[in-house]
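Report on the structure
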Amino acid sequence: VKNLVSFIAPDFFGNPATGNYFGQAFYDNFCLFVGTGTLLLIFYSLFFIRKNYSILFWWFLVVFSFLLIFKNPIGIFLEKLLFLSGGVSARAIVILDFSLALLSAYGLDRFIKSGQSDRKKIIFAIITVGFFFLICALTAVELESIQQTVAVRNLILPLLIYFFCSLVLLAAMKFQRNCWLRCALLFLISFQLMYSAKKYLPFSKQELLFPKT
């Protein structure tokens, strides 16, 4: 359950690429990160479940994937029913991440079409994600000194992205016709995701992947 922190900060428990990972099991099996700015759009989409049944379907898949990921009676029953007991249950995260990606797309689409009336909904999403940052800070306090340094340092970038994405969303509500603000939001989200991907994926040496024979 503590790995849920990676929703906010993917490297809260360190990263294998930098040799300071102290989280549970494998990084790639337990990292849930979809982007800090993306989370704002995901929680924003909650308000439109009744108006769009596609959003309801993807939120249902989010709940379903959580049942598969965590050990619980329903999840164990589903594993046996779907013949999944031989695999790693955490890999159901791929369903979770895909569902969240689509929910953020619905959230963005709704945000582009919305007017001033949705300001309270955006503020709700900002406060909700801010609450999760508070949980991360409280979790960091309980860590040992060296681990705490790693966790706090790796909270800085997500916090900055959260701050700027929140500002862009609020500004875009006021200046609705400003296309540059929407582009700025997409840039911030893409930058953070690309940064995390490039940090983790290419750390193996080339000669290990293509050895001379």
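Since we're looking at a predicted model, the values are computed, not measured.

What counts, and where the lines are drawn
Residues numbered from 1 in each chain as written. Predicted model: local features only at pLDDT ≥ 70, side-chain atom pairs only at ≥ 80, totals over all residues. Heavy atoms only, no water. Buried < 20%, exposed > 50% of the residue type's maximum accessible area, 1.4 Å probe, protein only. Helix = DSSP H or I, 4+ residues; strand = E, 2+ residues; numbered from the N terminus. Contact = heavy atoms within 4.5 Å. Core = buried A, V, L, I, M, F, W, Y, C linked by side-chain atoms within 4.5 Å. Phe/Tyr/Trp six-rings, centres within 6.5 Å; stacked < 30°, edge-to-face > 60°.

1. Digging into helix α2 (residues 36-45)
Of all 10 residues in α2, 10 are buried, a share of seventy percent or more. Those residues of α2 that fall on the buried side of the exposure criterion are T36, G37, T38, L39, L40, L41, I42, F43, Y44 and S45. Buried residues belonging to α2 abut α3 (53-69), α5 (93-113), α6 (119-141), α8 (156-174) and α9 (179-200).

2. What about the nonpolar core?
By size, the foremost hydrophobic cluster in this structure holds 52 residues, and its most contacted members are F12, L39, L100, L103, V129 and L185. For this core, the secondary-structure elements that each account for two or more residues are α2, α3, α5, α6, α8 and α9. In this view, V129 contacts I8, T36, L39, L40, F43 and Y162; residues no more than four positions away in its chain are not counted.

3. Re the packing of aromatic side chains
The full count for this structure, using the stated rule, is 18 aromatic pairs. Where F187 meets F191, the ring centres are 6.3 Å apart and the plane angle is 25°; that geometry is what we call stacked. Linking F187 with F191, this pair stays in helix α9, spanning four residues, or about one helical turn. Judged by relative accessible area, which is 56%, F187 ranks as exposed. Ring pairs connect the aromatic residues F7, F66 and F70, which therefore count as one cluster.

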